[in-house]
Amino acid sequence: MSEAVKWERKGAVAVITIDSPPVNALGQAVRAGLKACLEAALADDAVETLVLTGAGKTFSAGADIREFGKPPQGPSLPDVIAAFENASKPVIAAINGTALGGGLELALGCHYRVASPFAQVGLPEVKLGLIPGAGGTVRLPRLTGVQAAVDIIVDGSPLDARKAEAAGIVDRVAEGDVVAAACNLAAEGVGHRRTRDLPLEGDAALFEGVKAAVARKARGLYSPLRCVESIEAASRLPFDEAIANERSLFLDCLNSPQRAGLIHAFFAQREAAKVPGLGPDVKPRPVESVGVIGAGTMGGGIAMCFANAGLPVILIETVAPALDRGLATIRRNYEATAAKGRITPAEVEARMALITGSLDYGDLATVDLVIEAAFESMAVKHEIFGKLDAICKPGAVLATNTSTLSIDEIAAATRRPQDVVGMHFFSPANVMRLLENVRGKETAPDVQATVMDVAKRIGKVGVMVGVCYGFVGNRILHARNREAIALVNEGATPQQVDKVLTGFGFAMGPFATSDLAGLDVGWRIREERRKANDPDVDAPNWLDALAEKGRYGQKTGAGIYLYEKGSRTPIPDAETDALIAAYRAEAGIATRDVPDREILERCMFMMVNEGARILEEGIASRASDIDAVWLNGYGFPAYRGGPMFWGEQQGLGTVVAGIDAFHARLGTPQWQAAGLLRKLADEGKGFSG
Ligand code: 3HC
């Protein structure tokens, strides 16, 4: 019997169990095991009905995505599923937990489906740049109808057991043990009921509307429209032809660079959770209560993250009006979420009840973790961390949400630098998935493990980075934005630069993003650095001029762009053009037409180069960590895999040649190719070898 799939007879029922940790993915051994167990169970005369289930908390997470891009090895998944569907005895899927992608497709090939109340089912292939490739687009609409199938497949999000039952995907939700419930169903005497035999009709007008809507939302992603095309074909073609058509569209997607980028993004995120140097013996410290200092936008958002995860939070402010304002904003945010039906009014109250406002640092004496989200000034941070050192219990983790200041300097304000760490949230903190955890020189391994564990508990993608100005994300952002500004100085318009980068797939261009973040933030930081005679800060430019005029961006209705009241749509503005022109004249810059291609290459090559510097300095452990930061915190198009993966796809030799050409032309030190990048390019390697 196969290791990965086992079967046993229980009376007249053969129970086949997929047992391939961690997620029962349908790799070659599992596919072969399924086929062998099916044949053996069918050959056993004492068996009348088959039940198929999974060991652990997963039924199956679908195809083994580590096999993608490698030569296929039989039996294929569609063949295995067809064997189950065409079996001479009824087969019941006992969906014990998550059934995704090929896992759900396998269940759809069974004759009945019983689900545990905790099961989640879905076809998330679209999120990997694929379409369901083992019958999902052909069988699912036969069970749910066309519109529901389109919604489920194009969205890719899973449904819980009750919703799956209502949609017609599962026949029953088990009250207790799902295998027992499937055996009970078998005892009731079930017949053959092949999904392939169910009728399916689509209407052409519906598909035209759906295709137009999906194309609008796809933002350059190739797979969503292919999903609809496959469902449409399934509604016209005989079953076997529809399956063949689906397979060909699936292979099309499988061979696309978008699939490679999305799978890289999937693994980059999971790899980031494994911090080099933190073995399994390093256990996180327990965190059952949290303190947050600062009830402004960041602090409030951070408090919400913990309340959402069921953890009590003490929210500290210096004066009552600021605290009241912060708590009122949190309540308003929760109520807005409730108004959209995403949480219930009772949940609003439960979450608010977890957040206790306080003006007394003494209330932090017993918390396990404190996150400081106060004003971005070293003097302020020193004062706060000095107080925390005096008040917090031994072993409490003392974190700062700083985005620019040195963790080591902040830690020096305490007598316990080993307990001090950065937890850099992104705004809005309760929404953005990235959490850049920053280890200082002395941060203890178990403190590092704690903040990585906390990231997971509050549903964030935690990435561990080291100390440098801007850490990983903002340092690369800064390098790219400096280039975007240089391009405008030379003759491009902000809207041209933004258009090139949104055309590449970014959610927003750099200038629209600056308006969203607020021009005053960068301006104040630059002013501080200029006052401190920092040699690395640029001379004042047209962005500083805009901020000086009170044009801070969206929040003031004008920044680089203009915004109509209540609208977030950027409108190009003549005053900005005039300030840019004045800056160019004063700096003696002769303008020229800047080609779109140059804009893209200068922005992107600069990101790869800065990323390579970050790697060689050991600030990030792996290129994929840099990708995870940009994918989860900066709207980098997931199907391009992140800046470092994108660089690799171009060929590092091409990137270095481009960087050298820009260096020869522009002569600025930032265009010096990073040593690591040149070395890898010379060796014909990528970042991962
Ligand atoms: N293939 C291979 N490995 C997989 C996998 C898959 N389909 N799904 C998860 N894994 C691995 C992860 O890489 C991770 O490995 P690691 O421990 O070495 O880092 C491990 O399983 C655990 O995964 P998570 O950390 O994500 O665990 P969670 O419990 O948080 O989530 C999950 C479990 C919900 C199943 C999540 O892993 C997931 O969403 N997986 C992807 C599901 C998916 O996209 N399926 C479709 C595949 S494509 C397909 O089926 C094509 C078909 O139509 C032909």
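Note that the structure is predicted; figures quoted are calculated from it, not measured.

Check the secondary structure of the protein and you find 28 helices and 18 strands. For 689 residues, the compact-globule estimate of 2.2 N^0.38 gives 26 Å, and the protein sits close to it at 28 Å. The dimensions of the protein, computed from C-alpha atoms along their principal axes, are 85 × 60 × 50 Å. The buried share of the protein, reckoned over its 689 residues, is 54%. Considering only intrachain contacts with a sequence separation of at least 6, the fraction spanning at least 24 residues in the protein is 73%. Accessible surface for the protein amounts to roughly 28,800 Å². Of this, 54% is attributable to carbon and sulfur atoms. Here the protein contributes 73 positively and 83 negatively charged side chains, and the mean placements of these two sets differ by 0 Å.

This part is about the nonpolar core. Counting residues in hydrophobic clusters, the biggest one holds 91 residues, and the most contacted among them are L364, L388, W542, L677 and F687. If you tally residues by element for this core, the top one is helix α24 (residues 596-616), at 10 residues. Counting residues domain by domain, this core receives three or more from each of domain 2 (290-465) and domain 3 (473-587 + 596-618 + 651-682). Among all residues touching F687, those that are not within four sequence positions of it are V608, A612, L615, A623, M644, E648, L652, L677 and L680.

Looking now at the packing of helix α3 (residues 102-109) against helix α4 (residues 136-144). In contact at an axis separation of 10 Å, α3 and α4 are set at 55° when each is read in the N-to-C sense. Considering their axes alone, α3 and α4 lie oblique with respect to each other. Crossing handedness for the pair α3 and α4: left-handed. Contacts between α3 and α4 involve E105, L108 and G109 on the former and, on the latter, G136, R139, L140 and L143. Class assignment of the residues belonging to the contact of α3 with α4 gives a composition of 3 nonpolar, 2 polar and 2 charged.

Here we come to the sheet that holds strand β9 (residues 159-160). One key point about sheets: their strands pair by backbone hydrogen bonds, in either a parallel or an antiparallel sense. Spatially, β4-β6-β8-β9 is the arrangement adopted by the 4 strands of the open sheet, whose pairing is mixed. Here the strands that pair on one side only, and so sit at the sheet edges, are β4 (58-60) and β9. One ladder, built from 2 bridges, connects strand β8 (residues 120-122) with β9; its direction is antiparallel. Directly across from Q120, in β9, lies its bridge partner D160.

Quick look at the side chain of E436 now. Among the secondary structure elements, E436 is positioned in strand β17 (residues 434-438). Polar contacts involving the side chain of E436 include one to the main-chain amide nitrogen of V472, which spans 3.0 Å. When residues no more than four places from it in sequence are discounted, the contact partners of E436 are G422, M423, H424, F426, V463, V465, F471, V472, G473 and V629.

Where like charges cluster on the molecular surface, the positive patch consists of K57, R270, R433 and K456. Inspection of the secondary structure puts K57 in the loop between β3 (49-54) and β4. Looking at K57, the relative accessible area reads 72%, which means it is exposed.

As a further point, take the pattern of salt bridges. The full count for this structure, using the stated rule, is 49 salt bridges. Across the pair D534 and R529 runs a salt bridge whose closest N-O atoms are separated by 2.8 Å. One continuous salt-bridge network, built from bridges that share partners, spans E483, E490, R592, E598, R602 and R665.

Let us look at the site of the ligand. In the neighbourhood of the ligand, 25 residues make up the surrounding shell, with A61, E105, E125, R270 and K274 lying closest. Contacts to the ligand include I65, whose backbone N or O atom sits 3.0 Å from a nitrogen atom. In this structure, an oxygen atom belonging to the ligand sits 2.7 Å away from a side-chain N or O atom of K274. Summarising the interface, the protein chains cover 77% of the accessible area of the ligand, which totals 990 Å² for the free molecule. Going through the elements one at a time, α3 and α11 (257-272) are the ones with two or more residues in the shell around the ligand. Ranked by residue count, the leading element in the shell around the ligand is α11, at 3 residues. By residue class, the composition of the shell around the ligand is 14 nonpolar, 4 polar and 7 charged.

In contact at an axis separation of 5 Å, helix α26 (residues 643-650) and helix α27 (residues 652-666) are set at 95° when each is read in the N-to-C sense. One way to sum up the angle between α26 and α27 is to call them roughly perpendicular. For the pair formed by α26 and α27, the contact residues are G647, E648 and Q650 on the first element and L652, T654 and V655 on the second. Split by residue class, the contact of α26 with α27 holds 2 nonpolar, 3 polar and 1 charged.

Okay, the domain arrangement of the protein next. Annotation of the protein at the domain level lists domain 1 (5-254), domain 2 (290-465) and domain 3 (473-587 + 596-618 + 651-682). Just the C-alpha atoms count here: the centres of domain 2 and domain 3 sit 30 Å apart.

Our focus in this paragraph is the pairing of strand β11 (residues 290-293). Neither face of β11 is exposed, since V290 and V292 on one face and G291 and I293 on the opposite face are all buried. Sheet analysis places β11 next to strand β14 (residues 369-372), joined by 4 bridges and oriented parallel. Directly across from I293, in β14, lies its bridge partner E372. Alignment of β11 against strand β12 (residues 313-316), held across 4 bridges, turns out to be parallel.

The next point concerns unusual backbone geometry. Along the chain, G74 connects to P75 via a cis peptide bond; the corresponding omega equals -5°. Cis geometry marks the peptide bond from S427 to P428, where omega comes out at -10°. Locating P428 in the fold gives a position in the loop between β16 (420-425) and β17. Backbone geometry at N24 places phi at a positive 55°, although glycine is not the residue there. Along the chain, N24 falls in the loop between β2 (13-18) and α1 (28-43). N24 sits in the buried class, given a relative accessible area of 2%. A positive phi is found at R219, a non-glycine position, where the angle reads about 45°. As for its placement among the helices and strands, R219 is situated in the loop between α8 (204-217) and α9 (223-236).

Reading the values: rules and limits
- Counting from 1, residues in each chain are numbered in the order their sequence is written.
- Given that this is a predicted model, residues contribute local features only at a pLDDT of at least 70 and side-chain atom pairs are listed and counted only at 80 or more, while totals for whole chains, interfaces and linings are drawn from all residues.
- Think of the side-chain values as coming from all heavy atoms in the structure, minus any hydrogens and water.
- Under the DSSP-based scheme used, a helix requires at least four consecutive residues in state H or I and a strand at least two consecutive residues in state E, with every element numbered from the N terminus.
- Each radius of gyration is computed over the set of C-alpha atoms, and the globule rule expresses the reference value as 2.2 Å times the number of residues to the power 0.38.
- Categorising residues by exposure relies on relative accessible area from a 1.4 Å probe, with only protein chains included: less than 20% of the type maximum marks a residue as buried, more than 50% marks it as exposed, and the intermediate range marks it as partly exposed.
- Contact definition: two residues touch when any of their heavy atoms are within 4.5 Å.
- To be clear on the numbers: accessible area is Shrake-Rupley with a 1.4 Å probe, and residue cover counts the displayed protein chains and nothing else.
- Lys and Arg are tallied as positive, Asp and Glu as negative. Neither His nor the chain termini are counted.
- Charge coordinates come from a single atom per side chain, which is NZ of Lys, CZ of Arg, CG of Asp or CD of Glu.
- Put simply, buried Ala, Val, Leu, Ile, Met, Phe, Trp, Tyr and Cys residues joined by side-chain atoms within 4.5 Å make one nonpolar core.
- Start and end positions for the domains come from either an automated domain assignment or a database one.
- Simply put, an axis is a line fit to the C-alpha atoms, just over the touching stretch for a helix, and the angle between two N-to-C directions goes from 0 to 180 degrees.
- Note on angle classes: values under 35 degrees are labelled roughly parallel, values over 145 roughly antiparallel, values of 65 to 115 roughly perpendicular, and the remainder oblique.
- In this scheme the crossing of two helices becomes right-handed for a clockwise turn of the near helix relative to the far one and left-handed for an anticlockwise turn of less than a right angle.
- Residues were grouped as follows: Ala, Val, Leu, Ile, Met, Phe, Trp, Tyr, Cys and Pro as nonpolar; Asp, Glu, Lys and Arg as charged; and all remaining residues, including Gly, as polar.
- If DSSP finds at least two bridges between two strands, the strands pair.
- For the purposes of these results, a polar contact is taken to be a pair of N or O atoms within 3.5 Å, where, inside protein, one atom must be able to donate a hydrogen and its partner to accept one; residues adjacent in sequence count only when each atom of the pair is a side-chain atom.
- Each patch is assembled from residues with relative accessible area greater than 30% and no salt bridge, linking like charges that lie within 9 Å and nonpolar side chains (Val, Leu, Ile, Met, Phe, Trp, Tyr) that lie within 5 Å.
- By convention in these notes, a salt bridge is any Lys or Arg side-chain nitrogen within 4 Å of a carboxyl oxygen on Asp or Glu.
- It suffices for a single heavy atom of a residue to lie within 4 Å of a molecule or strand for the residue to be listed as near it.

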